[in-house]
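A structural walkthrough
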Amino acid sequence: MMRRGQVAVVTGGAHRLGASIVLALARAGCDVVVNYRSSAGGAAATVAAAQATGVRALAVPGDMSSAADVDRLLNETVAAYGRVDVLVANAGVFLRTPIEALTEADWDAILDGNLRTAFLCAHRFGLHMRRHAGGAIVTIADVAAQRPWADYLPYSVAKAGVVALTLGLAKALAPGVRVNAIAPGPVLLPDDFDPAHRQREIDRTLLRRQGRADNVADAVVALVANDYITGVVLPVDGGRSIVST
C-alpha cells in the first residue's frame, strides 16, 4: 500500500519512460524528485505535471555515472523533503553498436551509462535508506538481459549486470530495503528501428502488440506498494521472455 507523502526519486525522469514513472508515483501520492542530465525543459514540464496532481515536485540535474552528482542528488532530496523512501534507477544510455563498429569507448560509455549509474544510485541511496527508515529501490533492466540483441551488445550486457546487481542488493540491503527490477520488452522501441523491424519485435510477443510506458510505470508503483516483494525481476514484455525465437 502506498502512503501519501512518501518521497520518490526517479533518475532520468525528464521524459519518455522516466516521466511516465514520475507521474505514476505522483498520482499514487508520492512527492517526487526528477533527476535529469541535460533535458531541463523536459524536467520542468514533468515537474509541473506532477505538481498538478497535488504533490510536491522538484528537478535536480546531474550525471548519474558521477558519484559526486549522485551524492548531490541524495543530499538535495533530503534537504528539500527530509527523507527518501523510493528510488527508481531509470537513467540509461541506448545506442546501436554493430559488432564491426563497436569500440572500447562505446563499451565504456554504455556500461557506465546503464550499469554504473544503477550501481552508484542504488548503493548510495540504499545505504542511506538502511540507516534510516528503510525504503524501496526499483531498477530498470530490459528483456535484452535475457535475450541479448546482436547490434546492442554492450547495452544487453549492461542490463544483464543490472539484473545481477538487483538480486545482490536485495540480499545485501535486506531486511530494511527492498530491491526489485522491471524488465521491459517492446515498449519504447528504438528510433532507428524501421517499420519491418518494429513489427518483428511485436510479433515475437505473445500478446502481439507493443506495450506502453504506463504499463511499466504501473508495474513500478506495484512493486513499491507491495512490502512483501524483494529480489524480483518482473518482465513487462507481453510474454516476449518466454517465446523461443
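So, a few notes on the structure that sits alongside this text.

Criteria and thresholds
Residues numbered from 1 in each chain as written. Predicted model: local features only at pLDDT ≥ 70, side-chain atom pairs only at ≥ 80, totals over all residues. Heavy atoms only, no water. Pairing = 2+ DSSP bridges. Helix = DSSP H or I, 4+ residues; strand = E, 2+ residues; numbered from the N terminus. Axes fitted to C-alpha atoms, helices over the stretch in contact; angles between N-to-C directions. Contact = heavy atoms within 4.5 Å. Expected span 1.5 Å × (residues − 1). Buried < 20%, exposed > 50% of the residue type's maximum accessible area, 1.4 Å probe, protein only. Core = buried A, V, L, I, M, F, W, Y, C linked by side-chain atoms within 4.5 Å. Polar contact = N/O pair within 3.5 Å; in protein donor to acceptor, adjacent residues only side chain to side chain. Parallel < 35°, antiparallel > 145°, perpendicular 65-115°, else oblique. Left-handed = near helix turned anticlockwise from the far one by under 90°. Nonpolar A, V, L, I, M, F, W, Y, C, P; charged D, E, K, R; others polar. 1 Å grid on protein atoms, 1.4 Å probe; cavity = no way out; pocket = protein on both sides within 12 Å on 5 of 7 lines; lining within 4 Å. Points joined across faces, edges and corners; volume = space filled by probe spheres on them.

1. Section: the sheet that holds strand β4 (residues 86-89)
- Across the sheet, 7 strands lie side by side as β3-β2-β1-β4-β5-β6-β7; this open sheet has parallel pairing. Edge positions in the open sheet fall to β3 (57-61) and β7 (233-236), since each of these has one partner strand only. Across the sheet, the mean angle from the axis of one strand to that of its neighbour is 20°, orientation sign disregarded.
- Judged from the 6 bridges that link them, strand β5 (residues 135-140) and strand β6 (residues 177-184) form a sheet pairing that is parallel. Residue pairing in the sheet places G135 in a bridge with V177 of β6.
- Each of β4, β5, β6 and β7 touches helix α7 (residues 213-225); the most contacted strand, β6, lies at about 160° to it.

2. Observations concerning α7
- A rise of 1.5 Å per residue sets the reference length of α7, with its 13 residues, at 18 Å; its end C-alpha atoms lie 19 Å apart and thus fit the reference within 8%.
- Residues A213, V216, A217, A219, V220, V221, L223, V224 and A225 constitute the buried set of α7.

3. Describing the nonpolar core
- Core analysis: the largest hydrophobic core is formed by 35 residues, its most contacted members being I21, L25, V32, V88, I182 and V220.
- For this core, the secondary structure elements donating two or more residues are β1 (7-10), α1 (16-27), β2 (31-36), α2 (40-51), β4, β5 and α7.
- Among the elements that take part in this core, α7 stands out by supplying 9 residues, more than any other.
- With near-sequence residues (within four places) excluded, V32 lies in contact with A8, V22, L25, A26, A50, R56, A57, L58 and Y81.

4. Remarks on the side chain of D31
- Tracing the backbone through its elements, the reader meets D31 in strand β2.
- A residue is classified by how much of its surface remains accessible, and D31, at 8% relative accessible area, is buried.
- A polar contact is formed between the side chain of D31 and the side chain of R56, at a distance of 2.9 Å.

5. Let's talk about the packing of helix α4 (residues 104-131) against helix α5 (residues 153-172)
- Closest axis-to-axis distance for the α4/α5 pair is 8 Å, and the angle between their directions is 15°. Considering the angle they form, α4 stands roughly parallel to α5. Relative to α5, α4 is oriented so that their crossing is right-handed. Contacts between α4 and α5 involve W107, I110, L111, N114, L115, A118, F119, A122 and R130 on the former and, on the latter, L153, P154, Y155, V157, A158, K159, G161, V162, L165, L169 and A172.
- Among the residues forming the contact of α4 with α5, the class breakdown is 16 nonpolar, 2 polar and 2 charged.

6. Here's the deal with unusual backbone geometry
- Going from A174 to P175, the amide bond is cis rather than trans, its omega being 0°.
- Residue placement: P175 occurs in the loop between α5 and β6.
- The phi torsion at R16 lies on the positive side, around 50°, for a residue other than glycine.

7. Looking at empty space enclosed by the protein
- Taken as a whole, this structure holds 2 cavities of 30 Å³ or more when the rule is applied.
- Within this model, the largest cavity holds a volume of roughly 60 Å³.
- As for the largest cavity, its lining consists of V143, R147, W149, G185, P186, L189, E201 and R240.
- When its residues are assigned to classes, the lining of the largest cavity shows 4 nonpolar, 1 polar and 3 charged.
- Looking at the second largest cavity, the residues that line it are A89, N90, A91, N114, T117, A118, T139, I140, K159 and V162.
- When residues of the lining of the second largest cavity are traced back to their parent elements, those giving at least two are α4, β5 and α5.
- In terms of residue count, the dominant contributor to the lining of the second largest cavity is α4 (3 residues).

8. A few points about the packing of α1 against α7
- Their axes nearest at 8 Å, the elements α1 and α7 cross at an angle of 45°. Classified by the angle their axes make, α1 and α7 are oblique. In the crossing of α1 with α7, the sense of the turn from one axis to the other is right-handed. In this structure, α1 contributes L17, S20, I21, A24 and L25 to the contact, and α7 contributes A213, V216, A217, D218, V220 and V221.
- Across the contact of α1 with α7, the residue classes tally to 9 nonpolar, 1 polar and 1 charged.

So yeah, pure geometry; function would need other evidence.
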